[in-house]
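What follows is each chain in one-letter form.
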Amino acid sequence: MNVLVVGSGGREHALAWKISQSSRVKDVFVAPGNAGTALDAVNVDLDPDDYSAMVRYAKANAVGLTIVGPEVPLADGIVDIFKDEGLKIFGPAKPAAQLEASKVFCKEILNAGNVPTADYWEFHDADAAIEMIHDRYPGESPNTACPMVVKADGLAAGKGVTVCSKKHEVLEAVELIARDKVFGDAGTKFIIEEKLEGQEASILAITDGQTIIPLPACQDHKPAYDGDTGPNTGGMGAYCPAPLVTEDDMSWVAENVLVPTVHALKANRTPFQGVLYAGLMKGPQGIKVLEYNVRFGDPECQPLLMRLRSDLVDVLEAVADQDLARIDPLQWDPRPTCCVVMASQGYPGSYEKGRVISGLDDAANVENVKVFHAGTTVGKSGAIINNGGRVLGVTAIGEDLKTAQVSAYQAAKLIEWRGSWYRTDIANKAL
């Protein structure tokens, strides 16, 4: 069959790379793709927002399965559009995609399923939020301890969450979202929740709304800089598996998080099919859900798929057919993986594009390394240039996590463009 992957990031490159290994697949198309997907698949020059054009392309090119990478098309209802046209597609329908597209909806589903999560307050304007903050933390000093997290309700490319410790940080975050509208309509509503202590982990599960297959735990690194400092990003690196999450933890999460969430979504008449990505905090309070995403994580997808030995197409098609129970237990490479994200100068703020990237061929020759492209394109000169904030996901597999980490950084050091940078401590928590 032919397969269409929707998106242009590192997750989509990893999906296209893995899908192309399936004996069942003839051609893999990526719309619109990047400079890396052009090496492992066929890029299709389609407007990422023109879903009708994608439907026409899928029909004209005998696409047997479409896989949606990013959250925005899912929230826009691309799955509903394809299904209405009789096309097979992997991902949740628009109503279920609210689980990521709306922080308020996510909290309501978590509460309906009695899934452990942080206490929260919902707001529609800055004044009410500021009044609540002063009531709960009456200290006059701007440095009064105020452990809270401020989240824009809608999609904000992973940047709509501000983790705060001081009162002035919470007030500033509210101003940015509610008055300055830095996230636009995504901040029309927002929530403030208690700040949980501990370490974060990501557990992704594939489900058709009945059967649930949890995938090995990963640990992402959201803050921009070493030591988990700086602003939140879309993710600066990840590794798999995460020893923070034990086998007992995995069983507990399946029983107390994944199953009740799927049931709550079904009871809400928003049944879910696709990837359930649970962002978890493990700490003194046990394990609680921070948020849900409704697609493969980026960068978690890269180290996950590098370890997967089963045919990914079989699994994704079974979800689209609502017959995941037919799939045998997934087979995994026992070796751990580590992904280091290379970013453009200025990210997660503004950054310059069009800078020539060197060293990609040298990095690709490092044993057990795959360089997944995210924000890249081919310039007029034919050179590969940066075209985004997060540009590359340098991913390695090794006999142990330290070996994988060393290989990933060895390859990353061979790549550069003006202003390129990366965190130097990815996977250190596990080591």
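Residues numbered from 1 in each chain as written. Predicted model: local features only at pLDDT ≥ 70, side-chain atom pairs only at ≥ 80, totals over all residues. Heavy atoms only, no water.

(A) Region of interest: the overall build of the protein. In terms of regular secondary structure, the protein is built from 14 helices and 22 strands. The C-alpha radius of gyration computed for the protein amounts to 21 Å, which stays within 12% of the reference 22 Å derived for 431 residues, consistent with globular compactness. In terms of overall dimensions, the protein has C-alpha extents of about 65 × 50 × 40 Å along its principal axes. For the protein, buried positions account for 57% of its 431 residues. Pairs at least 24 apart in sequence give 69% of the contacts found in the protein among residues at least 6 apart. (Helix = DSSP H or I, 4+ residues; strand = E, 2+ residues; numbered from the N terminus. Rg over C-alpha atoms; globule rule 2.2 N^0.38 Å. Buried < 20%, exposed > 50% of the residue type's maximum accessible area, 1.4 Å probe, protein only. Contact = heavy atoms within 4.5 Å.)

(B) Expanded view of the sheet that holds strand E18 (residues 337-343). One open sheet holds the five strands; their spatial order is E12-E15-E18-E22-E19, and the pairing between them is antiparallel. Of all the strands in the sheet, just strand E12 (219-220) and strand E19 (369-373) have a single pairing partner and so form its edges. In this structure, strand E15 (residues 237-240) lies alongside E18, joined through four bridges in antiparallel fashion. Bridging across to E18, Cys240 finds its partner in Thr337. Packing against the sheet, helix H14 (residues 401-412) makes contact with E15, E18, E19 and strand E22 (390-397), and its axis sits at approximately 25 degrees to E18. (Pairing = 2+ DSSP bridges. Axes fitted to C-alpha atoms, helices over the stretch in contact; angles between N-to-C directions.)

(C) Spatial organisation of the packing of helix H8 (residues 126-136) against helix H9 (residues 167-179). In the contact formed by H8 and H9, the axes pass within 10 Å of each other and the chain directions differ by 170 degrees. With respect to each other, H8 and H9 are oriented roughly antiparallel. Across the interface between the two elements, Ala126, Asp127, Ala129, Ile130, Ile133 and His134 of H8 pack against Lys167, Val170, Leu171, Val174, Glu175, Ala178 and Arg179 of H9. Classifying every residue of the contact of H8 with H9 by side-chain character gives eight nonpolar, one polar and four charged. (Parallel < 35°, antiparallel > 145°, perpendicular 65-115°, else oblique. Nonpolar A, V, L, I, M, F, W, Y, C, P; charged D, E, K, R; others polar.)

(D) Seen up close, helix H1 (residues 10-19). With respect to burial, H1 is a largely interior element, ten of its ten residues being buried. Along H1, the residues classified as buried are Gly10, Arg11, Glu12, His13, Ala14, Leu15, Ala16, Trp17, Lys18 and Ile19.

(E) Spotlight on the nonpolar core. Membership of the largest hydrophobic core comes to 75 residues, with the highest contact counts inside it found for Ile78, Leu99, Tyr292, Leu392 and Ile415. Residues in contact with Ile78, not counting those within four places in the same chain, are Val6, Tyr51, Met54, Val68, Pro73 and Ile89. By size, the runner-up hydrophobic cluster in this structure holds 40 residues, among which are Val28, Tyr277, Ile327 and Leu330. (Core = buried A, V, L, I, M, F, W, Y, C linked by side-chain atoms within 4.5 Å.)

(F) Region of interest: the packing of aromatic side chains. Taken as a whole, this structure holds six aromatic pairs when the rule is applied. A ring pair is formed by Trp17 and Phe372, whose centres lie 5.3 Å apart and whose planes are at 75 degrees; its orientation type is edge-to-face. Within this pair, whereas Trp17 is found in helix H1, its partner Phe372 is found in strand E19, the two being separated by 355 residues in sequence. For the ring pair Tyr225 and Trp421, a centre distance of 5.7 Å and an interplane angle of 50 degrees mean the geometry is tilted. Of this pair, Tyr225 sits in strand E13 (residues 223-225) while Trp421 is found in the segment after H14, placing the two residues 196 residues apart along the sequence. Judged by relative accessible area, Tyr225 falls into the partly exposed class, the value being 38%. Look at Trp421 and you get buried, because its relative accessible area is 18%. (Phe/Tyr/Trp six-rings, centres within 6.5 Å; stacked < 30°, edge-to-face > 60°.)

(G) Broad picture of the pattern of salt bridges. If you walk through the whole model with that rule in mind, you get 25 salt bridges. In this structure, Glu317 engages Arg24 in a salt bridge whose closest nitrogen and oxygen atoms are separated by 2.7 Å. On the criterion of sequence distance, the pair formed by Glu317 in helix H12 (residues 312-320) and Arg24 in the loop between H1 and strand E2 (28-32) is long-range, its members being 293 residues apart. One salt bridge in this structure joins Glu85 and Lys59, with 2.6 Å as the shortest N-O distance. Placement of Glu85 in the loop between helix H5 (78-84) and strand E5 (89-90) and of Lys59 in helix H3 (residues 51-60) is noted, with a sequence separation of 26 residues between them. With a relative accessible area of 48%, Lys59 lands in the partly exposed category. The network of salt bridges with common partners includes Arg24, Lys88, Asp314, Glu317, Asp321, Asp323 and Arg326. (Salt bridge = Lys/Arg side-chain N within 4 Å of Asp/Glu carboxyl O.)

(H) Spatial organisation of the side chain of Asn2. Inspection of the secondary structure puts Asn2 in strand E1 (residues 2-7). A relative accessible area of 10% means that Asn2 is categorised as buried. Within the structure, Asn2 has its side chain in polar contact with the backbone nitrogen of Asp27 (distance 3.1 Å). Not counting the four nearest positions on each side in its chain, Asn2 is found in contact with Lys26, Asp27, Phe29, Asn61, Ala62, Val63, Gly64 and Leu65. (Polar contact = N/O pair within 3.5 Å; in protein donor to acceptor, adjacent residues only side chain to side chain.)

(I) The sheet that holds strand E11 (residues 212-214), seen in detail. Spatially, four strands are ordered E11-E10-E16-E17 in an open sheet, and the strand pairing comes out antiparallel. With one partner strand each, in any of the chains shown, E11 and strand E17 (286-293) form the two edges of the open sheet. Put simply, the sheet's adjacent strands are angled 30 degrees from each other on average, direction ignored. Two elements, strand E10 (residues 199-207) and E11, share three bridges in a ladder whose sense is antiparallel.

(J) Up close: unusual backbone geometry. Going from Ala31 to Pro32, the amide bond is cis rather than trans, its omega being 0 degrees. Looking along the chain, the bond that leaves Tyr347 and enters Pro348 is cis, with omega of 10 degrees. Inspection of the secondary structure assignment puts Pro348 in the loop between E18 and helix H13 (360-364). Unusually for a residue other than glycine, Ala62 sits at a positive phi of about 50 degrees.

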